[in-house]
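Chain by chain, the residues:
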Amino acid sequence: MSPARAVARFALIAALLWGCSPAPSNRPDADVVVAEVDGASVVLKDVKSEILSMRGYTPSLEARGPSRGEVSEAVRRAIERTVVLREGQRRGVTLPAGSLEEEVMRFRADFPPGGLEKALLQAGMEPDAWREQLRRSLLYRRSADAIAAAGATVTPQEVEAEFLKERNPATVPERVRVRQYLFDSAERAAVAREKLQAGRVVDGDVGDPSAEGVDLGSFRRDELPPEIPGGVFDLPEGGISEPVPGDGVTSLFRVTRREATGTQTLASEEERIRESILAPRREAAFRRWLAQATAGAKVKVNAELLQKLVEGKR
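Just so it is clear, the structure is predicted and the values come from calculations on it, not from any experiment.

Parameters at a glance
- Residues numbered from 1 in each chain as written.
- Predicted model: local features only at pLDDT ≥ 70, side-chain atom pairs only at ≥ 80, totals over all residues.
- Heavy atoms only, no water.
- Phe/Tyr/Trp six-rings, centres within 6.5 Å; stacked < 30°, edge-to-face > 60°.
- Helix = DSSP H or I, 4+ residues; strand = E, 2+ residues; numbered from the N terminus.
- Buried < 20%, exposed > 50% of the residue type's maximum accessible area, 1.4 Å probe, protein only.
- Lys NZ or Arg CZ within 6 Å of the ring centre and 35° of its normal.
- Axes fitted to C-alpha atoms, helices over the stretch in contact; angles between N-to-C directions.
- Parallel < 35°, antiparallel > 145°, perpendicular 65-115°, else oblique.
- Contact = heavy atoms within 4.5 Å.
- Pairing = 2+ DSSP bridges.
- 1 Å grid on protein atoms, 1.4 Å probe; cavity = no way out; pocket = protein on both sides within 12 Å on 5 of 7 lines; lining within 4 Å.
- Points joined across faces, edges and corners; volume = space filled by probe spheres on them.
- Nonpolar A, V, L, I, M, F, W, Y, C, P; charged D, E, K, R; others polar.
- Core = buried A, V, L, I, M, F, W, Y, C linked by side-chain atoms within 4.5 Å.
- Salt bridge = Lys/Arg side-chain N within 4 Å of Asp/Glu carboxyl O.

So, on to the packing of aromatic side chains. Applying the stated criterion to the full structure yields two aromatic pairs. Relative to Trp 130, the ring of Phe 107 lies with its centre 5.4 Å away and its plane at 85°, an arrangement referred to as edge-to-face. Separated by 23 residues along the polypeptide, Phe 107 in helix α4 (residues 99–108) and Trp 130 in helix α6 (residues 127–150) bring together distant segments of the chain. Trp 130 gets classed as buried once you look at its relative accessible area, which sits at 3%. Centroid distance Phe 286 to Trp 289: 6.4 Å. Interplanar angle 20°. Geometry classified as stacked. Residue Phe 286 and its partner Trp 289 are located together in helix α10 (residues 266–296), separated by three residues, close to a single helical turn. A relative accessible area of 6% places Phe 286 in the buried class. Note that Arg 81 overlies the ring of Tyr 140, its terminal NZ or CZ placed 5.2 Å from the centroid. Its end group placed over the ring of Phe 233, Arg 258 keeps NZ or CZ at 5.5 Å from the ring centre.

Here is the structure:
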């Protein structure tokens, strides 16, 4: 049984076993408990947020009420999220400084100025509530990564065997490692570029992506993402691009390292091969863990209240 079906099964059993009286309609969603997972509460606000997330934040629940399938899927996700976040907390998982602001700015880049706030308003979601859900999503990802990493390993012998199996030997093309700096105006980006070229620190709060930048990784010329101008590949190591306008943000791109063309060796390909082996193993390890954790969790669901949500009475 898949993890998703396992959670749904336990939620259904719990719904049959746990009858609850309807919650007073005047209570805020953040105070209305719709499920419990090992004593941890899942509130109505969590379920509604999951539904909005599944819809891409449009349309709002007021414009179109949730279907029974949407509610069931949202409850399943909320239960899984609770299980994973509790394990992450147990493992001491936290968010790095500035990671939330970095993610917010990435979202803003997909909208025209003020567009993100407008979209949230149309979806019936407060910006603070959206930021909190985004924070929890980031924490969930880091918790899931920690769980997966603990359950998957690869040996040097496996990496070497894979290298020998795929080796031509081929030529390793030139690559550049790129860091992106995000700003809310072209003026700020221009000032920051001058400071970076002079070796000075960019003004900003600790953890602010405009000050510290975001490491985008290494790319061949033909691998550059659309948001990175092709001219960045021709910059020298340490070179900084001109300000690049976007939707609501302006970016600077810096080449932090250049990797010259060469012939494949075990040392040059070890990181890539290791990751290619580990990625599916981590995913499988996480799914196994999640299935076991949800199967062992004590789940209670307020089926009557969720039915009222479907009927538009909550």
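Here we come to the packing of α6 against α10. It is at 8 Å that the axes of α6 and α10 come closest, and there the two elements cross at 100°. In terms of their interaxial angle, α6 and α10 are classed as roughly perpendicular. Taking contact as the criterion, the partners of Tyr 140, Ala 144, Ile 147, Ala 148 and Ala 149 in α6 are, on α10, Arg 282, Ala 285, Phe 286 and Trp 289.

Pairing between strand β4 (residues 175–183) and strand β7 (residues 250–259): nine bridges, direction antiparallel. Looking at the pairing, Val 176 lines up with Arg 258 of β7. Pairing of β4 with strand β5 (residues 214–219), which is carried by five bridges, proceeds in the antiparallel orientation. Across the sheet, Val 178 pairs through a bridge with Gly 217, a residue of β5.

With that out of the way, let us pick up the layout of surface pockets. It is a probe the size of a water molecule, rolled over the atoms, that shows where empty space is left. By volume, the largest pocket amounts to about 470 Å³. Forming the walls of the largest pocket are 16 residues, and the residues nearest its centre are Arg 175, Glu 259, Ser 268, Glu 269 and Arg 272. At the level of elements, β3 (171–172), β4, β7 and α10 are the ones that each hand at least two residues to the lining of the largest pocket. Of all the elements, α10 adds the most residues to the lining of the largest pocket, at five residues. Split by residue class, the lining of the largest pocket holds three nonpolar, four polar and nine charged.

Relative to the helices and strands, Gly 199 is located in the loop between α8 (186–197) and α9 (209–212). It is 10.0 Å that separates the C-alpha atoms of Gly 199 and Gly 238, two residues lying 39 residues apart in sequence.

Turning next to the sheet that holds strand β9 (residues 299–301). Pairing is antiparallel in the open sheet, where three strands are placed in the order β2-β1-β9. Every other strand in the sheet has two partners, leaving β2 (40–43) and β9 as the edge strands with one partner each. Taken over all neighbouring pairs, the strand axes of this sheet differ in orientation by 20° on average, direction set aside. Sheet topology places strand β1 (residues 33–37) next to β2; four bridges connect them, and they run antiparallel. Counted as the bridge partner of Val 37 is Ala 40 from β2.

Turning to the sheet that holds β5, a few remarks are in order. Taken together, the four strands give an open sheet; going across it, the order is β5-β4-β7-β6, and neighbouring strands pair in antiparallel fashion. The sheet terminates laterally at β5 and β6 (244–245), the two strands that pair on one side only.

Next up on the list: the pairing of β7. Two strands pair when backbone bridges link them, and β6 and β7 are joined in this way by two bridges, in the antiparallel orientation. Its bridge partner lying in β7, Pro 245 is registered against Thr 250. Hairpin connection of β6 to β7: four residues between the antiparallel strands, including Gly 248 at a positive phi of 90°.

In this structure, Val 34, Val 37, Val 42, Val 47, Val 84, Phe 286 and Trp 289 are the most contacted members of the largest nonpolar core, which totals 31 residues. Setting aside chain neighbours within four positions, we find Val 84 in contact with Tyr 140, Ser 143, Ala 144, Ile 147, Phe 286, Trp 289 and Leu 290.

For the coordinates displayed, the defined rule picks out 24 salt bridges. Measuring nitrogen to oxygen at the nearest pair gives 2.8 Å for the salt bridge that ties Glu 50 to Arg 81. Of this pair, Glu 50 sits in helix α2 (residues 44–54) while Arg 81 sits in helix α3 (residues 68–90), and the two are 31 residues apart along the sequence. By relative accessible area, which is 15% here, Arg 81 ends up buried. The salt bridge partner of Arg 76 is Glu 80, with a shortest N-O separation of 2.9 Å. With Arg 76 and Glu 80 both in helix α3 and four residues apart, this pair spans about one turn of that helix. Take Arg 76: its relative accessible area is 14%, and that puts it in the buried class. Members of the salt-bridge network, linked through shared partners, are Glu 73, Arg 76, Arg 77 and Glu 80.

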